[in-house]
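Each chain, written out:
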Amino acid sequence: MKRSTRYAISLSLVSLYSGLANAEPVEQVSESSEVISLDSLRIYGEPEETKSATKLDLTIFETPQIVSVISQDQIEDFALNEVNDLLKYVPGVTVEQVETGRTYYTARGFDIVNFQYDGIGVPFSYGLTQGHDDTAMYEKVEVIKGASGLITGLANPSATINFVRKRPTDEFQASAKASYGSWNTRRVDADISGPINDRVRGRLVVAKEKGDSYLDRYSTDRDVFYGIVSADLTDSTELTFSHSVNDHHSDGNSSGALPLFYSDGTLTDYDESTNTAPSWAQQDVKQTRSFIELEQRIGDDLAIKAMYTQNKQEKQWNSLYLAGNPDPITESGLTAQASDYKAQDKEKIFDLYVSGKFELAGREQEVVAGINVADIQLTGRSVYSSTWNYDPIGGNWSAGLTPKPVFDVYDASQQS
């Protein structure tokens, strides 16, 4: 019955729309029979191209998927200085920051595990991000909703996120800015770009951000460096080299979450600023990315591009993970586990593809074909304490007074 009702309503709407579409335009006439001319409103837009979904030179309107683009103007206007803040701005993307230093991204009910830099797929080893990535080096960020199996070996129905890095400009340009925000957050940015000589262009981006948080004892310090140089070897051959560093440090880095219930079963009611981490619980995540790219254009419609990328992420943090239900009066009774964790991820990626247009059977054809090879090495080691792991701690945990233990018990190293 419900299906029939909805069908009837839709028919009515179609009929109404058709009647309005076929109706003759009516001029608005005043009592004095004077025709009132309404001002016209014109909307202008540019057919922006994206290669994230297909690696073809298709506009967003021609791409058979939903594409959201966060431009550099939006990044600057809304102060989207961190990737987490930027992706919160994208419709349909959920940023799940489960702790201060660990974040999951989801779309359409699935984890986002497909990431690209300049259209080149980068392995996502853990299923979550660690640390905080800055946006100073990106020209724009494209998010393609749905699976993109055409350009990724493994795809799921969530989304693909493509970080498009800034490139050298043909004309000289330079900018610098400074800002001061909530929680004593200070930031400076500088961006300089232009020709070095007739055939070589370069760009340099640096940024520094430091500040506190609404959370007790939590503070961050981030340094960003990005340099890129492009050279025209011939009129149709371009060689590009780039290196970037994103070095993030945080103190009072939380692990786990606040208890939801007291030991007597009643709900807890902590202040929004309550942090489970003492000041010695810190995290360091340093990401370095380097690539060399060679592009050969064949005529006006075909191009061959080869890129070799080396990425390295170094991580180290001391954490305090709390569990259990505290006493409603003394706040004691929780157990804790402290650890010192170190890890290093190394990625070597080679990508080669050809794309473009050609004539065949009297019609214009578009083609893309290529190969992508990745070598990933992950190593990690956790060190625990033999003195008080899982021992009850007192009610001073919310004030950050839990003492730092001696880390002397080694866990088996992990390598893959």
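Residues numbered from 1 in each chain as written. Predicted model: local features only at pLDDT ≥ 70, side-chain atom pairs only at ≥ 80, totals over all residues. Heavy atoms only, no water.

J.: Lay out the overall build of the chain with the relevant residues and their values.
T.: Helix and strand counts for the chain stand at three helices and 22 strands. Of all 416 residues assigned to the chain, the portion counted as buried reaches 42%. If you take every contact in the chain between residues at least 6 apart in sequence, the share linking residues at least 24 apart comes to 64%. For the chain, the accessible surface area stands at approximately 23300 Å², while carbon and sulfur atoms represent 54% of it. (Helix = DSSP H or I, 4+ residues; strand = E, 2+ residues; numbered from the N terminus. Buried < 20%, exposed > 50% of the residue type's maximum accessible area, 1.4 Å probe, protein only. Contact = heavy atoms within 4.5 Å. Areas by Shrake-Rupley, 256 points an atom, 1.4 Å probe, with all protein chains shown as cover.)

J.: Please set out the packing of aromatic side chains residue by residue, giving values where relevant.
T.: Counted according to the given criterion, the structure contains nine aromatic pairs. Relative to Phe 115, the ring of Tyr 105 has its centre 6.1 Å away and its plane inclined at 55 degrees; by these criteria the two rings are tilted. Remark: Phe 115 occurs in strand β7 (residues 114–117) and Tyr 105 occurs in strand β5 (residues 102–107); sequence separation between them is ten residues. Here Tyr 105 and Phe 115 have matching classes, each one buried. Taking the centre distance of 5.6 Å and the plane angle of 75 degrees together, the rings of Tyr 270 and Trp 397 count as edge-to-face. Residue Tyr 270 is found in the loop between β16 (237–251) and β17 (282–298), and its partner Trp 397 is found in the loop between β20 (363–384) and β21 (409–410); the two are separated by 127 residues along the sequence. Judged by its relative accessible area of 1%, Trp 397 is buried. (Phe/Tyr/Trp six-rings, centres within 6.5 Å; stacked < 30°, edge-to-face > 60°.)

J.: Residue-level account of a negative patch on the surface, with values.
T.: A contiguous patch of negative charge on the surface is contributed by Glu 62, Asp 300, Asp 301, Glu 359, Glu 364 and Glu 366. Here Asp 300 is to be found in the loop between β17 and β18 (302–323). (Patch = residues over 30% accessible without salt bridge, like charges linked within 9 Å, V, L, I, M, F, W, Y side chains within 5 Å. Salt bridge = Lys/Arg side-chain N within 4 Å of Asp/Glu carboxyl O. Lys, Arg positive; Asp, Glu negative; His and termini not counted. Charge placed at Lys NZ, Arg CZ, Asp CG, Glu CD.)

J.: Please set out the sheet that holds strand β10 (residues 138–145) residue by residue, giving values where relevant.
T.: Taken in spatial order, the five strands make up an open sheet running β3-β10-β11-β7-β8, and their pairing is mixed. In this open sheet, the two strands that pair with only one neighbour each are β3 (67–71) and β8 (120–122). Sheet twist, expressed as the average angle between the axes of neighbouring strands with direction ignored, equals 25 degrees. Bridge count between β7 and strand β11 (residues 159–165): four bridges; the pairing is parallel. The residue bridging Gln 116 from the neighbouring strand is Asn 162, located in β11. (Pairing = 2+ DSSP bridges. Axes fitted to C-alpha atoms, helices over the stretch in contact; angles between N-to-C directions.)

J.: Requested: an account of the confidence of the model for the chain, with residues and values cited.
T.: When pLDDT is low, close inspection of the predicted coordinates is not appropriate. Taken as a whole, the chain shows an average pLDDT of 84; of its residues, 84% reach a score of 70 or greater. Long-range and interchain partners of residues 1–24, a stretch whose pLDDT sits below 50, account for zero contacts in this model, where long-range means more than four residues apart. (pLDDT = per-residue confidence, 0-100.)

J.: Lay out the side chain of Thr 402 in plain terms, naming residues and giving numbers.
T.: In this fold, Thr 402 is placed in the loop between β20 and β21. Not counting chain neighbours up to four residues away, the residues in contact with Thr 402 comprise Pro 278, Trp 280, Leu 320, Trp 388, Ile 393, Asn 396 and Trp 397.

J.: Describe a nonpolar patch on the surface, listing the residues and the values that go with them.
T.: On the surface, Leu 233, Leu 239, Phe 241, Ile 292, Leu 294, Ile 298, Ile 304, Tyr 308, Phe 350, Leu 352, Ile 371 and Val 373 cluster together to form a nonpolar patch covering roughly 990 Å² of accessible area. Among the secondary structure elements, those contributing two or more residues to the nonpolar patch are β16, β17, β18, β19 (335–360) and β20. Considering each element in turn, the nonpolar patch owes the most residues, three residues, to β17. With respect to the secondary-structure elements, Val 373 resides in strand β20. A relative accessible area of 46% places Val 373 in the partly exposed class.

J.: Residue-level account of unusual backbone geometry, with values.
T.: We note that Ala 79 has phi near 55 degrees; this positive angle belongs to a residue other than glycine. A residue is classified by how much of its surface remains accessible, and Ala 79, at 45% relative accessible area, is partly exposed.

J.: Can you break down the layout of surface pockets residue by residue, with the values?
T.: Counted as a void, the largest pocket has a volume near 1100 Å³. Surrounding the largest pocket, 42 residues form its lining, Glu 82, Asp 212, Ser 213, Tyr 214 and Tyr 218 being those nearest its centre. Sorting elements by how many residues they give to the lining of the largest pocket places strand β12 (residues 173–181) first, with five residues. Partitioned by chemical class, the residues of the lining of the largest pocket number ten nonpolar, 18 polar and 14 charged. (1 Å grid on protein atoms, 1.4 Å probe; cavity = no way out; pocket = protein on both sides within 12 Å on 5 of 7 lines; lining within 4 Å. Points joined across faces, edges and corners; volume = space filled by probe spheres on them. Nonpolar A, V, L, I, M, F, W, Y, C, P; charged D, E, K, R; others polar.)

J.: I'd like a rundown of the environment of Ile 349, residues and numbers included.
T.: Residue position: Ile 349 is located in strand β19. Judged by its relative accessible area of 2%, Ile 349 is buried. On a C-alpha basis, the gap between Ile 349 and Asn 311 in space is 8.5 Å, while along the polypeptide they are 38 residues apart.

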